[in-house]
Amino acid sequence: MALTFDSNAEGLSFSSSLLDQLDAITIMAWYRVSATASTAYTLLSKEYAANNQLLLNRPAFGIGSNDWHFFHRRSTTSTSLTSTGNIIQTNRWEWVCLLDSDGTAPAMLHGTLTSKPVEPTYDTQTTGVGAVTNDAGKALNVGRTYDAAQTFTGDLSFLAMYNRRMSQAEALSHWPRPYVSTGCQLFTHPGYHGDVAATDLSGNAINANVSGTPTLATPAPIPMPRLRLARLQSTMSQLEARRVSLGGGILKSDRLVLAG
């Protein structure tokens, strides 16, 4: 499932020291907007001293009607990136990925269910320099700004955050089927378990606090996540442990990998 956000009072908040002061970073999401233009909307934000430490939104002015703006606060020069060309379309599942690190120009990848993500044309692309500012103890807000001034109007089917900057080639390997890899801090399919919640599947258990009354929606029709199950540990004999039934079949292995 996915979650629908359509008012400023609705959103998710993730609180953990693992999400604080992230320098090199990769963020990716599957989303579908139901309204564009005329007003700003925010997919995620992290507040620091009444400002945004992290921000991914569609500004209300200054660029095309439907483009993404990414901001990451730094001590010398803050990272800033804005697409152009009205890349966001209503009622269409889209994938967006942000890549940032100190001293290297930020990058965005954007695609759909059927169009492989590419780097869009940028209206602005400012390389961030310096350490990120201290945002310890501040929640990562999803579906709205920290002060609820802007909401995201649409559906969110997937969100992941990493504590490292992936190469573009590696990031593209997560489209269309995301999977947990090194440095994953948050990996969630909101509504995945059929309730209004966002459970973290990264292994860090950073589950969301839900604000307001978002509703369940049909998820993005992407392949199931790739799962890797650890080596079986039990009191079964070695032969028994190497015979795992899956859908009526028998796999003769002590390691089960479900992957595309």
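### What to know about unusual backbone geometry
Item 1. Backbone torsion omega between Trp 175 and Pro 176 reads 0°, so that peptide bond is classified as cis.
Item 2. Positive phi outside glycine occurs at Ala 205, with the angle close to 55°.
Item 3. Secondary-structure assignment places Ala 205 in the loop between strand S13 (184–188) and strand S14 (209–211).

### A look at the confidence of the model for the protein
Item 1. Per-residue confidence for the protein averages 85 on the pLDDT scale, and 82% of its residues sit at or above 70.
Item 2. Counting interchain partners and residues more than four positions distant, the pLDDT-below-50 stretch residues 229–260 has 37 contacts.

### Let's talk about the nonpolar core
Within soluble globular proteins, side chains that are nonpolar tend to cluster in buried spots.
Item 1. If you look at the biggest cluster of nonpolar residues, it comprises 56 residues, and the most contacted ones within it are Phe 14, Trp 68 and Met 161.
Item 2. The element best represented in this core is strand S3 (residues 25–33), accounting for seven residues.
Item 3. For Phe 14, the residues in contact, after removing those within four places along its chain, are Leu 19, Ala 139, Leu 140, Val 142, Leu 186, Thr 188, Ala 198, Ile 206, Asn 207 and Ala 208.

### Notes on the sheet that holds strand S6 (residues 69–72)
Item 1. Here we have eight strands laid out as an open sheet, ordered S10-S7-S6-S5-S4-S11-S2-S14, and antiparallel in their pairing. Looking at which strands have only one partner, the edges of the open sheet turn out to be strand S10 (122–126) and S14. The average undirected angle you get between the axes of adjacent strands in this sheet is 15°.
Item 2. Taken together, the four bridges between S6 and strand S7 (residues 79–83) define a ladder with antiparallel strand orientation. Among the inter-strand pairings, Phe 71 is bridged to a residue of S7, identified as Ser 80.

Cut-offs applied
- Residues numbered from 1 in each chain as written.
- Predicted model: local features only at pLDDT ≥ 70, side-chain atom pairs only at ≥ 80, totals over all residues.
- Heavy atoms only, no water.
- Helix = DSSP H or I, 4+ residues; strand = E, 2+ residues; numbered from the N terminus.
- pLDDT = per-residue confidence, 0-100.
- Contact = heavy atoms within 4.5 Å.
- Core = buried A, V, L, I, M, F, W, Y, C linked by side-chain atoms within 4.5 Å.
- Buried < 20%, exposed > 50% of the residue type's maximum accessible area, 1.4 Å probe, protein only.
- Pairing = 2+ DSSP bridges.
- Axes fitted to C-alpha atoms, helices over the stretch in contact; angles between N-to-C directions.

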